[in-house]
Amino acid sequence: FPSHDTECLILSGAAFLALFRRRTAESFRKTRLPHNSLIKSSSTKQAAFTLVELLTVLAIITTLTTLGLAATRGATEKTKTTHCLNDLRQVGVALQLYVVDNSGRFPSTSHQGVAQSWTNTLADFLKTNFLGRCCAVPKHRSKLTYAWNDSLADAQGYGVMAPSLRSPSSTMVVAELATNNTGEHFHFAGTRGGASRITPNQFRSEVNVNCHGSSANYLLAGGHAENLSWIEVQRRLTETNTSFLVP
């Protein structure tokens, strides 16, 4: 909703526009008087639209246009954030169904070997319209713009058991992949199981932490998706005995 100042500005703009129309109409009537007319009515003398008034009207119109464009951009960004959150919610639902069907085990995440990637193991549980790409980064170099937390798999790439998670509601499962990266899962601290040592800078090199302005979307092991600011993510990463990356 518009602020009080914005409402006042809009009302002022409307008042000046009304004055502009009135002065224009009076000026038009003045031009239609006979050339030999000696009538100099007081209303005719006041009909001219001054330069100051004209510049004021133009300034208000420009300001209102700027406010409108800013509001449109904000609404567009909000739509993209919501669309991305819905994608991650789909993954969250698929994850819960997979865990139930696989005796409490999380999906695998592996480039090679017997274990499959989460994109394959969850395929049967995802909706057919799931593309795995956030519309906020249409030029992303990776086929998928979301990646899996590799700490949720063992050394062979097999998913961990859900009951072993200390705090599912605060453990990250999927996040938005940094635009210069490719692949279906993250490689935190360079090796599996090394997420406990990761720094905010290392995290930022893997995750597109500002995908939506100053925030990004994250799917947590409890099945819910959240939009978190980079400041909040840094706090979660550095808190004592954190479970944000380490299950």
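Right above here is the structure, for reference.
Residues numbered from 1 in each chain as written. Predicted model: local features only at pLDDT ≥ 70, side-chain atom pairs only at ≥ 80, totals over all residues. Heavy atoms only, no water.

1. Some words on the sheet that holds strand S2 (residues 172-176)
Move 1: Ordered by their spatial adjacency, 4 strands build an open sheet running S1-S2-S3-S4, and the pairing between neighbours is antiparallel. A single partner strand is all that each edge strand has here, and the edge strands are strand S1 (146-148) and strand S4 (225-229). Across the sheet, the mean angle separating the axes of adjacent strands is 30° when strand polarity is ignored.
Move 2: Against the sheet, helix H6 (residues 230-238) engages strand S3 (215-220) and S4, with an angle of about 100° to S4. (Pairing = 2+ DSSP bridges. Helix = DSSP H or I, 4+ residues; strand = E, 2+ residues; numbered from the N terminus. Axes fitted to C-alpha atoms, helices over the stretch in contact; angles between N-to-C directions. Contact = heavy atoms within 4.5 Å.)

2. What to know about the environment of His83
Move 1: Looking at the secondary structure, you find His83 in helix H3 (residues 51-101).
Move 2: Owing to a relative accessible area of 42%, His83 belongs among the partly exposed residues under this scheme.
Move 3: Considering only alpha carbons, one finds His83 and Cys134, 51 residues apart in sequence, at a separation of 7.7 Å. (Buried < 20%, exposed > 50% of the residue type's maximum accessible area, 1.4 Å probe, protein only.)

3. Overview of the pairing of S4
Move 1: The pairing of S3 with S4 spans 5 bridges and is antiparallel. Bridge pairing in S4 links Ser215 to Ser229.
Move 2: Count of turn residues in the S3/S4 antiparallel hairpin: 4 residues, of which Gly223 carries a positive phi of about 100°.

4. Structural notes on H6
Move 1: Within H6 the residues assigned to the buried category are Trp230, Val233, Arg236 and Leu237. Down the axis, H6 shows its buried residues gathered within 120° of arc, on one side only. Along H6, the residues that are exposed and aim more than 90 degrees away from the buried face are Ile231 and Thr238.
Move 2: Where the residues of H6 are buried, they touch helix H5 (200-206), S3 and S4. (Arc of directions from axis to C-beta.)

5. Digging into the side chain of Glu184
Move 1: Mapped onto the secondary structure, Glu184 falls in the loop between S2 and H5.
Move 2: We classify Glu184 as buried; its relative accessible area is 12%.
Move 3: Side chain to side chain, Glu184 and His185 meet in a polar contact 3.1 Å long. (Polar contact = N/O pair within 3.5 Å; in protein donor to acceptor, adjacent residues only side chain to side chain.)

6. Quick look at the state of the cysteines
Move 1: In total, this model carries 0 disulfides according to the counting rule given.
Move 2: Here Cys134 stays free of any disulfide, with the sulfur of Cys84 as its closest cysteine sulfur at 3.7 Å.
Move 3: Not part of a disulfide, Cys211 finds its nearest cysteine sulfur in Cys134, a span of 4.1 Å.
Move 4: Residue classification places Cys211 among the buried positions, given a relative accessible area of 11%. (Disulfide = S-S within 2.5 Å.)

7. Overview of the packing of aromatic side chains
Move 1: As enumerated under the stated definition, the model contains 5 aromatic pairs in all.
Move 2: Judged by centre distance (6.2 Å) and plane angle (10°), the rings of Phe203 and Trp230 are stacked. Placement of the pair is Phe203 in helix H5 and Trp230 in helix H6, with a sequence separation of 27 residues. Each member of the pair, Phe203 as well as Trp230, carries the same accessibility label: buried.
Move 3: When the ring of Phe203 is compared with that of Phe244, the centres are 6.2 Å apart and the planes differ by 50°; the resulting orientation is tilted. Taken together, the positions of Phe203 in helix H5 and Phe244 in the segment after H6 put the pair 41 residues apart, joining distant regions of the chain. Accessibility assignment for this pair places Phe203 and Phe244 in one class, buried. (Phe/Tyr/Trp six-rings, centres within 6.5 Å; stacked < 30°, edge-to-face > 60°.)

8. A few points about the pairing of S3
Move 1: For S3, the buried fraction is high: 6 of the 6 residues fall into the buried class.
Move 2: Burial of the side chains of S3 extends over both faces: Ser215, Asn217 and Leu219 are buried on one face and Ala216, Tyr218 and Leu220 on the other.
Move 3: Direction of pairing for S2 relative to S3: antiparallel, over a ladder of 3 bridges. Bridge pairing links Met172 to Leu220 in S3.

9. Regarding unusual backbone geometry
Leave glycine aside and you will find that most residues have negative phi; peptide bonds, for their part, are mostly trans.
Move 1: The backbone of Ser103 shows a phi angle near 55°, a positive value even though the residue is not glycine.
Move 2: With respect to the helices and strands, Ser103 occurs in the loop between H3 and helix H4 (118-121).
Move 3: Residue classification places Ser103 among the exposed positions, given a relative accessible area of 64%.
Move 4: We note that Asn241 has phi near 55°; this positive angle belongs to a residue other than glycine.
Move 5: By secondary structure assignment, the location of Asn241 is in the segment after H6.
Move 6: Judged by relative accessible area, which is 63%, Asn241 ranks as exposed.

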